[in-house]
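Overview (structure and organization)
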Number of protein chains: 2
Amino acid sequence: MVTDGLDFPAALGAVAAAVEAEMTALLGDDSEAPSRVTEAMRYAVLAGGKRLRPFLVVTVADLFEVPRPRALRVAAALEFVHTYSLVHDDLPCMDDDDLRRGQPTVHRQFDEATAVLAGDGLLTRAFDILADPATHPDGAVRADLVRRLALAAGPRGMVGGQALDLAAAEARLDIAAINRLQSLKTGALIRFACEAGAVLAGVNDQLERLGSYAEALGLAFQIADDLLDTEGDAAELGKAVGKDAALGKATYVALLGPDEARRRARALAERAASEVDHWGPRAALLKEVAEFAVRRRV
Amino acid sequence: MVTDGLDFPAALGAVAAAVEAEMTALLGDDSEAPSRVTEAMRYAVLAGGKRLRPFLVVTVADLFEVPRPRALRVAAALEFVHTYSLVHDDLPCMDDDDLRRGQPTVHRQFDEATAVLAGDGLLTRAFDILADPATHPDGAVRADLVRRLALAAGPRGMVGGQALDLAAAEARLDIAAINRLQSLKTGALIRFACEAGAVLAGVNDQLERLGSYAEALGLAFQIADDLLDTEGDAAELGKAVGKDAALGKATYVALLGPDEARRRARALAERAASEVDHWGPRAALLKEVAEFAVRRRV
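Quick caveat: nothing in here was measured; it's all calculated off a predicted structure.

Further remarks concern the relation of the copies chain B and chain A. Rotating chain B by 180° about the axis while translating it 0.0 Å along that axis superimposes it on chain A, leaving an RMSD of 0.0 Å. Taken together, the rotation and translation relating the two chain copies correspond to the operation of a two-fold axis. When the interface residues of chain B are mapped onto chain A, 100% of them again lie at the interface, so the same face is used by both copies.

This is the structure:
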């Protein structure tokens, strides 16, 4: 698989196909495990999605000429963690969602207990994959990847953000509070996605630049999500606001208005692109991700 | 802290106190994280317990002269994983328990969403702790510990055992099936507890012996648990069988009868003790754990 020379949608699709094949192979290792929970893990993982995080891992890894099989293992581990967070987030005691991407959520397709265990299993497998010698010959690199992913996913990262999000339903958040919530809930994993390729390559002096890119990119994506939530629904007759607004959740659009939100998302995408200017044309796909963040309609 | 020369209950208590101090310190690192979920993590972790798994980690680590701070970090990480499994197991969609050790379970004391997230946070932090350079200077050892714990806790270990346990409520298990269920659900973590000290010491040629010890010990503990469940309740007027039997769960006692179950538990404890004979008097505490497994009344 080569992503150089492909246009952005084709490159995104090529990585999605490759990481789905990798995840399928990795889940195959669990074939001797009890079937219902592994079946639920497979169902959750292969339910589609843009595979944005794997794309960032693979694209940054390409920038530093990391062997593709190593990048795909890290991309798969990260997508397992992202998927686990969706499975637990959808539970009745959390967001209580019946559908995700038009398909029944894991607890609707299977049952709640299986959804809890499938999420637990995906999170656990992710660390297993990173720590496996097949991911990198140097144990210190493997341990560093484990540590960074655990920090990004744990109480000081995604789990902390989810806890803030639960509390936010009853609180009046301002922009600073939403920034903090999003930086933990979704930003931390995006940062890992952007840093992992450099960690795999041992290029630790580029982590700050990649972190700045990730931060701007993650926020641009989030504001664009808020805009899509509003405008997607606004297109439907008699339904001017989307799910977040209906739930009374503070969003960028609710606090800033759509015009200012759009302006900020664009400025963030430009800031993200300028962070990777350093690498010139080799970073073309990373610039296109930033452009995609604010231009996409899905 | 010195455990040599103490009698067994004192040695067990000393390790419990030391690992509780370690866990408290490690949770202190999350003080900047959102408070409700870290509060729930602390509540779950510090709710007491025999701290058997930490005792096994520390005792085996002592056998190989591993520096105590390293052993305590691994012991704390393992206890985080054990605690996470209890928090998720107690959820309404799983065993639906309101009390654990006489205190409200996490979802009763806080709420279900917080309990899910607290469990997720504990599991994630465990890998963070193992991968941290403070646990061992050699990255390959840290990655090996991560991998072994992930295997023990994941779909081919504890999560797989929990899935079998859910399915067992509707199935008629025989002794072979119960052995498999217990070997996954509780045996895998006990095996990690017994192996970790040797991994920390780089003594990989003793893992098989420690694994055999762990296997016999884990099974002895489980049969003794089944016996206590039956006999504890039998002592109460008009209540001849315990919770497992009431739920129609197959147990060793139900399948073998109390006399044969007791005989097997004792034989397993003796087998465990004989596995560590190799180390002579230095393994005295490991032999006492085996004795304790079948003699305890709690």
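Here the narrative resumes, following the displayed structure.
How two helices pack is summed up by the angle between their axes together with the distance between the axes. All names here are of chain A. Look at helix H6 (residues 112–131) against helix H7 (residues 139–153): their axes get within 8 Å of each other, and the N-to-C directions meet at 155°. In terms of orientation, H6 lies roughly antiparallel with respect to H7. As H6 runs across H7, the sense of the crossing is right-handed. Within the contact between the two elements, H6 uses Ala-126, Phe-127, Leu-130 and Ala-131 and H7 uses Arg-142, Leu-145, Val-146, Leu-149 and Ala-150. For the contact of H6 with H7, a count of residues per class yields eight nonpolar, no polar and one charged.

This part covers the interface of chain B and chain A. Interface size is often expressed as the accessible area that is lost when the parts come together. Taken together, the contacts link 47 residues of chain B with 47 residues of chain A. When the area that chain B buries against chain A is broken down by residue, the three leading residues are Leu-117, Pro-155 and Arg-156 of chain B, summing to 16%. Across the contact surface, chain B and chain A share six salt bridges. For Asp-132 of chain A, the salt bridge goes to Arg-147 of chain B, with nearest N and O atoms at 2.8 Å. Inspection of the region where chain B meets chain A yields eight residue pairs in polar contact (both at pLDDT 80 or more). Mapped by element, the contributors of at least two residues to the side of chain B that touches chain A are helix H2 (35–45), helix H4 (68–89), helix H6 (112–131), helix H7 (139–153), helix H8 (158–168) and helix H9 (175–201) of chain B. At twelve residues, the largest contribution of residues to the side of chain B that touches chain A is made by H6 of chain B.

Before going further, it helps to spend a moment on the state of the cysteines. Under the counting rule described, the total for this entry stands at zero disulfides over all chains. Between Cys-93 of chain A, a cysteine without a disulfide, and Cys-93 of chain B, which holds the nearest cysteine sulfur, the sulfur-to-sulfur distance is 7.5 Å. The exposure class of Cys-93 of chain A is partly exposed, given its relative accessible area of 22%.

Looking now at the pattern of salt bridges. All names here are of chain B. Summed over all chains, the structure comprises 50 salt bridges over all chains. The residue Glu-260 makes a salt bridge to Arg-263 at a minimum N-O spacing of 3.0 Å. Of this pair, Glu-260 and Arg-263 both sit in helix H13 (residues 258–275), separated by three residues, roughly a single helical turn. Taking relative accessible area as the criterion, Arg-263 reaches 49% and is therefore assigned partly exposed. Asp-277 is paired through a salt bridge with Lys-287; the nearest N and O atoms lie 2.3 Å apart. Taken together, the positions of Asp-277 in the loop between H13 and helix H14 (284–295) and Lys-287 in helix H14 put the pair ten residues apart, joining distant regions of the chain. Look at Asp-277 and you get partly exposed, because its relative accessible area is 42%.

Now for the packing of aromatic side chains. Residue and element names in this part refer to chain A. Here the structure, examined in full by the defined rule, presents eleven aromatic pairs over all chains. With a centroid separation of 5.2 Å and an interplanar angle of 50°, the aromatic rings of Phe-8 and Phe-292 are classed as tilted. Of this pair, Phe-8 sits in helix H1 (residues 8–28) while Phe-292 sits in helix H14 (residues 284–295), and the two are 284 residues apart along the sequence. Looking at Phe-292, the relative accessible area reads 17%, which means it is buried.

Cut-off values and rules
Residues numbered from 1 in each chain as written. Chains lettered and ligands numbered in written order. Predicted model: local features only at pLDDT ≥ 70, side-chain atom pairs only at ≥ 80, totals over all residues. Heavy atoms only, no water. Least-squares fit on C-alpha atoms with pLDDT ≥ 70 in both. Contact = heavy atoms within 4.5 Å. Axes fitted to C-alpha atoms, helices over the stretch in contact; angles between N-to-C directions. Helix = DSSP H or I, 4+ residues; strand = E, 2+ residues; numbered from the N terminus. Parallel < 35°, antiparallel > 145°, perpendicular 65-115°, else oblique. Left-handed = near helix turned anticlockwise from the far one by under 90°. Nonpolar A, V, L, I, M, F, W, Y, C, P; charged D, E, K, R; others polar. Buried area = accessible area lost by both parts, 1.4 Å probe. Salt bridge = Lys/Arg side-chain N within 4 Å of Asp/Glu carboxyl O. Polar contact = N/O pair within 3.5 Å; in protein donor to acceptor, adjacent residues only side chain to side chain. Disulfide = S-S within 2.5 Å. Buried < 20%, exposed > 50% of the residue type's maximum accessible area, 1.4 Å probe, protein only. Phe/Tyr/Trp six-rings, centres within 6.5 Å; stacked < 30°, edge-to-face > 60°.

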